[in-house]
Amino acid sequence: MSHAIAGLALLAAVTLVNALLTVAVSRRWRTMMAPAPAAAAPGPPALAVQEGDRAPAFTLHTPGGDVSAATLAGHPALICFLRPDCGPTRESLPGIQRWAEANTPSGARLVAVVSGPPAEAGSLLDAVGPFTELTATDPPDGPVAGAFGVRHHPSFVLLDADGTVTGTGIGQGSLPALDLLTA
């Protein structure tokens, strides 16, 4: 009779292990078959500001003085977020220059925000310096880039004279205003 009791105990143990494994496999299967979380909206990456929004609060310290949404009021402005080690940033410089030549004589402002430490930004600051004195560096993910939601370079924000965003773009050639919007 002791062999029968040992057999029944072994059978009970195997049955219990089987039940536990079945529960574990069922839970795992349910998590794998659950619908995937909603993906980000298709299309290009976006900034935190969109057309029709007011410019966010920011302060940028430039050689030409502090720049903020308030100091830009009354002037259309193009804010360019650039990065020194970025090929598309370099490719966008002729478009930025054309915009500046066409618009700054009538009072528009060009603001260049270079992402990175000043030591690395020198050549890019020199490249945009002839178009504007409103240039400064901002740390990657710094306060100015954060206010506008910049995660990719180059990024552009076009403001009208009352501080409303009239256009945004990410990447070289992404802002038609560089070519089309002339005073």
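Quantities reported herein were computed from a predicted structural model and do not represent experimental measurements.

To continue, consider helix H3 (residues 87–103). Over its 17 residues, H3 extends 25 Å from the first C-alpha to the last, a length consistent with the 24 Å expected when each residue adds 1.5 Å. Remark: the principal bend of H3, roughly 35°, maps to Leu93, with a proline, Pro94, within the next four residues. Of all the residues in H3, the buried ones are Thr89, Ser92, Leu93, Gly95, Ile96, Trp99, Ala100 and Asn103.

Within the structure shown, the criterion is met by two aromatic pairs. With a centroid separation of 5.4 Å and 55° between ring planes, the pair formed by Phe81 and Phe148 is classed as tilted. Taken as a pair, Phe81 in strand S3 (residues 77–82) and Phe148 in helix H5 (residues 143–148) lie far apart in primary sequence, 67 residues in all. Considered together, Phe81 and Phe148 belong to a single accessibility category, that of buried residues. Aromatic ring contacts, followed pair by pair, group Phe58, Phe81 and Phe148 into a single cluster.

Here we come to the sheet that holds S3. Taken together, five strands build an open sheet; the order of strands is S5-S4-S3-S6-S7 and the sheet is mixed. With one partner strand each, in any of the chains shown, strand S5 (135–138) and strand S7 (165–170) form the two edges of the open sheet. This sheet shows a mean twist of 15° between the axes of neighbouring strands, independent of strand direction. Taken together, the four bridges between strand S4 (residues 109–115) and S5 define a ladder with parallel strand orientation. Across the sheet, Ala112 pairs through a bridge with Thr135, a residue of S5. Seen against the sheet, H3 touches S3, S4 and strand S6 (155–159) and runs at an angle of roughly 165° to S3. Across the sheet, helix H4 (residues 118–128) touches S3, S4 and S5, and the angle it forms with S5 is around 155°.

Each value, and the rule that gives it
Per chain, residues are indexed from 1 in the order of the written sequence. Since the coordinates come from a predicted model, pLDDT governs what is reported: local features require at least 70, and pairs of side-chain atoms require 80 or more to be given and counted, while whole-chain, interface and lining totals use all residues. As a convention, hydrogens and water are excluded, and side-chain values are obtained from all of the structure's heavy atoms. Under the scheme used here, helices are H or I runs from DSSP no shorter than 4 residues and strands are E runs no shorter than 2 residues, and both carry numbers assigned from the N terminus. To estimate the expected span of a helix, subtract one from its residue number and multiply by 1.5 Å. Here the bend at a residue means the angle between the axes of two seven-residue stretches, the one that ends at it and the one that starts at it. Partly exposed residues are those whose accessible area sits between 20% and 50% of the maximum for their type, while under 20% is buried and over 50% is exposed, using a 1.4 Å probe and protein chains only. Centre distance within 6.5 Å is the pairing criterion for rings of Phe, Tyr and Trp, where only the six-membered ring of Trp is used; planes under 30 degrees apart are then read as stacked, over 60 as edge-to-face, and the remainder as tilted. Following DSSP output, two strands are said to pair if at least two bridges run between them. Note on geometry: axes are lines fitted to C-alpha atoms, helical ones only across the stretch in contact, with angles between N-to-C directions running from 0 to 180 degrees. Should any heavy atoms of two residues lie within 4.5 Å, those residues are considered in contact.

In short, geometric facts, not functional conclusions.
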